Amino acid sequence: MEGEGAAKNEPKAGGGRGGVGNGAANGRRRWKGGGGHRQHPIIQAYPALLPLPIHAAHAHAYADGAVSLPLPPPVLVYLQQPPPSPLPLLPLLPKAAAACYAKPNGGPPHRGAMWGSKKPPPPRHAVTAALLPLPQDARVLQHKKFIIHEKKTSDMEANHENTLQNSSTTTGRATIAPRPDSGGVKGSTIPLCANHFHVCFDPNLKIFHYDVDISPRPSKETARMIKNKLVEENSSVFLGALPAFDGRNNLYSPVEFQRDKLEFVVSLPVASVQFIAAKEKGHVLNKQKLKLFKVNIRLVSKLSGDDLNKYFNEEKDGIPLPQDYLRVLDIILREGAMETCIPVGRSLYAHSIGEAREIGGGAVVLRGFFQSLKATKQGLALNVDLSLRAFHESTGIIAYLQKRCDFLKDLSQNKSRALAEDERREVEKALKNVWVFVCHRETDQRYRVQSLTEETTENLKFRDRSGKDYMVVDYFKEQYNHDIQFRNLPCLQVGRSKPCYVPMELCVVCEGQKFLGKLPDEQTSKILKMGCQRPSERKRIIKGVVQGAFAAGSNSYAGQFNLQVSNDMTQLSGRVLLPPKLKLGNGWRVKDITPDRFDRQWNLTDSHVAEGSRIKSWALISFGGTPEQHSFIPRFINQLSSRCEQLGIQLNRKTVISPLFERIQLLNSEGILESKLKKIQEAASGNLQLLICVMERKHRGYADLKRIAETSIGVVTQCCLYANLSKLTFQFLANIALKINAKLGGSNVALYNSLSCQIPRIFSDDEPVMFMGADVTHPHPLDDWSPSVVAVVASMNWPSANKYISRMRSQTHRKEIIERLDVMAGELLEEFLKEVGKLPSRIIFFRDGVSETQFYKVMKEELRAVHLTCSRYPGYKPSVTFVVVQKRHHTRLFHSEKNGGSTHYSDQNVPPGTVVDTVITHRREFDFYLCSHWGTKGTSRPTHYHVLWDENNFQSDEIQQLVYNLCYTFARCTGPVSLVPPVYYAHLAAYRGRLYLDRSDSTATSWTTLYRATAMHTAPAAPLPKIRDSVKRLMFYC
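**Q** Break down the packing of helix H13 (residues 633-646) against helix H17 (residues 730-743) for me, citing the residues and quoting the values.
**A** Look at H13 against H17: their axes get within 9 Å of each other, and the N-to-C directions meet at 70 degrees. By the criterion of interaxial angle, the relationship of H13 to H17 is roughly perpendicular. The way H13 lies across H17 gives a crossing that is right-handed. Counted together, Phe636, Gln639, Leu640, Arg643, Cys644 and Gln646 of H13 and Phe730, Phe732, Leu733, Ala734, Ile736, Ala737 and Ile740 of H17 form the full contact between these two elements.

Written as structure tokens, this is what we have:
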């Protein structure tokens, strides 16, 4: 579930959020946008619905025109020499002008105080330039980066810089690797279809782009209401056109309006304010109030489809994809659905697609569809896929909390219940930023929960405008004749700059809000099950969405812009690659097998692992469990030892100390837990290799356990649950044994024919290759302070290439580009040199989690970091291939109806090894889709591999076979996995680094909350604790 940004607020013309008489948000109760507020300079807190004092506006009128100022004297600027850049210097300015006006790369120059202060001494090796004042009427020159190349520290570094520079385009960006051939040919052909729908566009149609300025600035929802009313009431001005609107500032029309500049005043009824009621003849009349918006529309540009048409029809590689025009077409195709659906990112949700289903915890799941326009080999294609998202259940706050918080299940029966401090924190966390409306009066006004009051409702008081003190319970009894029932609960505080209090029982959660909190495992599991449609069912739903949204005559917006969307999925041919031969066992017990089952799985019956580890010193500790469950431990130890022996893993049948049985509450105390683990290590004379931890249930102290064991004690841990010990199945014991073996230096499976035998043109036994994987994991969407965690892994053996060690670091909050990659890559190269005896001749780098918009930035910074690391070794220049791996996409592959027509066959997933590199891939660049695993549930998602840089000159068949074969070497499975192992391991290592930052105790949580408000923009990322030497060279994260 991708997180989306929070909805922006809508500024109101006259009042604060939560107050009654001075403004409100436009809209319905169903949430589709944000409310807004203006800040009032009042510090007293009022309960919601109490009229706020009205202040006179203090608007300042400014004269139109620039104010003349005396010209300052020249300012000396010291231009630091930046690090070398792969971008070529663009001589757009004369040398003299560049010296005066150019902006140095890497931030603003250091200068003294303006207009007459003591000048600082110039930095070493700085270039001094004078910034001359510009005349008032002079046109401002566009700043360009002024790049000064420093002298290279070695010839190797210069060569690597030149490698990137020589590949640069005229725009200064490195060229993404082109496809080396017309596509692969290996494997048996299989007819497929993909959820891409061909789109025909009219290259001769001009699209007129208008800028829309609405004052006061509304929310997206209100802006769309304004646009619809404008078009409806001014059809002649818009020449009968139905323009598309992005909800912000951009309007697109198929015809040019009568004038280039248009001005309107639009009035909308403000249905969200309870207006003063007047009694006439015994009847209550509600006075309707209108809110005025000033709308200015002006022509910005005229867009043509000629460039897009040339991109598809001309073979020249230099023609760029017109991204702006593509984005406009995407907006047009979404416009019809935007009027009836709830937009979240690129997905749209509506009850018409499927009713909301409750999943517990105060959440419901709504079905929707993802939609995105892509430029592919076949031309324009609309990618449409099924989408599911959790939303807050629209119910009363009391009922919501009963479902959301387990400790409040009986709240409605126990109205006098109060909250303990830790419970109050949990409730505040659950309700923060949730939008609510009140139910004790007729209004649609919405409020966003900021926090809870410190005082309970019974003890809460406020001071009105006259200075009189009111108790909240008395106020609501007097004004609304309502007796507060839950008096020992705090109130919701819904004002940001000026607090406004609302009792919980009078609030209802607004409908249509995406769920903000982190879903528990149980709710996540329910969503995954709901999304597990078999291929035929998913295919039927997708086709139904497209036919309903884009059938002839059903989408007036697409029709006006001459866009035609096909109702049929794209037909294409895929290929099924053969599985590799695998090696199990070692020495005289070597056995080769070829996974020839339909799912490409294999079993370890009568087989050894490729390389078994030796575990002499190990212990077991139990957390929780009943006496009956404790009795399972001796049998578990005996059977695990036997299963390890059968697999060629030497696990001592006796633990160094008798199994320890602790209460599960021990996991709540970090200090006591660490002390207990240290005693176990001391009992093993400091040589403990493995600690098996059996838990009664999943516990948040798992994070502390892993962190303490790996960073403080220096021991590998393996956790399991008592629920699995009661059965002790053959498969469970094998899975535990395989994980233990991989963590402690063994290898479970290897390729029988080494990679140098399979791809002799590229690989050789005498020239080792290092496979690297990198991933960045970010904190929860509501966390605006915690650092991101990056993990880089690298293979440490050749030619087997199945043992990976990791390096993890924290970095700037939500930064996707890896910081200090050169340092981590350097450490991994040193480890490789120790293990193999020489540096790798080739580096194959797989990078996870990068979107297409970040490709050039990744090449500029991360690829350069890898080259820079290698340049530190004199005379060392390995061939580097850089591949982006994308799993979070919405392309799905299905069996084609032409494939035999069997209903049973069409309901199966595509077989492992299915590869597609035509029709739906990039027109010129080197990418392919590979479904390397067998999908047992739902519809398989192929992995998208995009080669950005390739110094190894792979052919399509070679890199596709390489990636597919590597998928069979993942340590934890007896079958191919969906993701190439370097990336899979990097993902696991990054998740482990995230655990190191987690804390189970509430003290750390509250400290983070307090510190975040002041330090989020200034504090550096909290460093990860250092991993002990006895662990960091192992696959402990596996």
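Now that the structure has been shown, we can carry on.
**Q** Can you tell me about the packing of helix H15 (residues 702-713) against helix H23 (residues 981-997), naming the residues and giving the values?
**A** At their nearest, the axes of H15 and H23 sit 8 Å apart, and the two run at 100 degrees to each other. Judged by the inter-axis angle, H15 sits roughly perpendicular to H23. On the side of H15, the interface is formed by Tyr702, Ala703, Lys706, Arg707, Glu710 and Thr711, while H23 contributes Arg992, Leu995 and Tyr996. For the contact of H15 with H23, the residue count by class is four nonpolar, one polar and four charged.

**Q** Explain the nonpolar core to me, and be specific about the residues and the numbers.
**A** One finds Phe636, Phe763, Phe771 and Tyr985 to be the most contacted residues of the largest nonpolar core, which totals 88 residues. Those residues in contact with Tyr985 that lie beyond four places of it in its chain are Val793, Tyr804, Thr969, Phe970, Ala971, Met1035, Tyr1037 and Cys1038. Tyr311, Leu333, Ala350 and Ala558 belong to the second largest nonpolar core, which has 41 residues in total.

**Q** Before we move on, can you summarise helix H9 (residues 521-530) with the specific residues and values?
**A** Listed as buried for H9 are Gln523, Ile527 and Met530. Down the axis of H9, the smallest arc covering the buried residues is 60 degrees, so these residues share one side. Pointing more than 90 degrees away from the buried face of H9 are the exposed residues Asp521, Glu522, Leu528 and Lys529. In the core, the buried residues of H9 are packed alongside strand S17 (357-360), strand S18 (363-376) and strand S19 (379-392).

**Q** Residues and numbers for unusual backbone geometry, please.
**A** With an omega of -5 degrees, the peptide bond running from Ser215 to Pro216 counts as cis. Tracing the backbone through its elements, the reader meets Pro216 in the loop between strand S8 (207-215) and helix H3 (220-233). Looking along the chain, the bond that leaves Trp798 and enters Pro799 is cis, with omega of 15 degrees. The backbone phi angle of Asn562 is positive, close to 55 degrees, even though this residue is not glycine. On the secondary structure map, Asn562 appears in the loop between helix H11 (556-560) and strand S28 (564-565). Among the residues examined, Asn562 registers a relative accessible area of 36% and is labelled partly exposed. Phi at Val919 takes a positive value of approximately 65 degrees, unusual for a residue other than glycine. For Val919, a relative accessible area of 22% puts it in the partly exposed group.

**Q** Mind laying out the pattern of salt bridges, listing which residues take part and the relevant values?
**A** Evaluation of the coordinates by the stated rule reveals 41 salt bridges. We note a salt bridge from Arg892 to Asp385, for which the minimum N-O separation is 3.6 Å. Placement of Arg892 in the loop between strand S43 (879-886) and strand S44 (893-895) and of Asp385 in strand S19 is noted, with a sequence separation of 507 residues between them. Assigned by exposure class, Arg892 and Asp385 land together as buried. When the shortest N-O distance is used, the salt bridge between Arg653 and Glu645 registers 3.1 Å. Accessibility expressed as a relative area gives 41% for Arg653, which makes it partly exposed. Judged by relative accessible area, Glu645 falls into the exposed class, the value being 51%. One salt-bridge network, in which partners are shared between bridges, spans Arg807, Glu827, Glu831 and Arg1033.

**Q** Give me the sheet that holds strand S10 (residues 250-253): which residues, what numbers.
**A** Taken in spatial order, the five strands line up as S9-S10-S8-S14-S11 in an open sheet, and their pairing is antiparallel. Both edges of this open sheet fall to strand S9 (244-245) and strand S11 (261-269), since each of them pairs with a single strand only. The pairing of S8 with S10 spans four bridges and is classified as antiparallel. When the sheet's bridge partners are listed, Tyr210 is paired in S10 with Leu251. Of the strands in this sheet, S8, S9, S10, S11 and strand S14 (290-303) are in contact with H3, which crosses S11 at around 115 degrees.

The rules behind the values
- Per chain, residues are indexed from 1 in the order of the written sequence.
- With pLDDT at 70 or above as the cut-off, local features in this predicted model cover only qualifying residues; side-chain atom pairs require 80 or more to be listed or tallied, and sums for whole chains, interfaces and linings still use all residues.
- Each side-chain value is derived from all of the structure's non-hydrogen atoms; neither hydrogens nor water enter the calculation.
- Between N-to-C directions, angles span 0 to 180 degrees; the directions come from axes that are lines fitted to C-alpha atoms, helices contributing only their stretch in contact.
- Every helix listed is a DSSP run of H or I at least four residues long, and every strand listed is a run of E at least two residues long, numbered separately from the N terminus.
- Working definition: roughly parallel below 35 degrees, roughly antiparallel above 145 degrees, roughly perpendicular at 65 to 115 degrees, and oblique for all remaining angles.
- Definitions for this section: a left-handed crossing has its near helix turned counterclockwise from the far helix by less than a right angle. A right-handed crossing has that turn clockwise.
- Residue contacts are defined here by distance: any two heavy atoms, one from each residue, within 4.5 Å place the two residues in contact.
- For this scheme, ten residues count as nonpolar: Ala, Val, Leu, Ile, Met, Phe, Trp, Tyr, Cys and Pro. Four count as charged, namely Asp, Glu, Lys and Arg, and the remainder, Gly too, count as polar.
- For our purposes a nonpolar core is just a set of buried Ala, Val, Leu, Ile, Met, Phe, Trp, Tyr and Cys residues, chained together by side-chain atoms within 4.5 Å.
- For the exposure calls, accessible area comes from a 1.4 Å probe over protein chains only, and a residue counts as buried if that area is under 20% of its type's maximum, exposed if over 50%, partly exposed in between.
- It is the directions from the helix axis to the C-beta atoms whose arc is reported.
- Salt bridges are identified by distance alone: a Lys or Arg side-chain nitrogen within 4 Å of an Asp or Glu carboxyl oxygen.
- For two strands to pair, DSSP has to find at least two bridges joining them.

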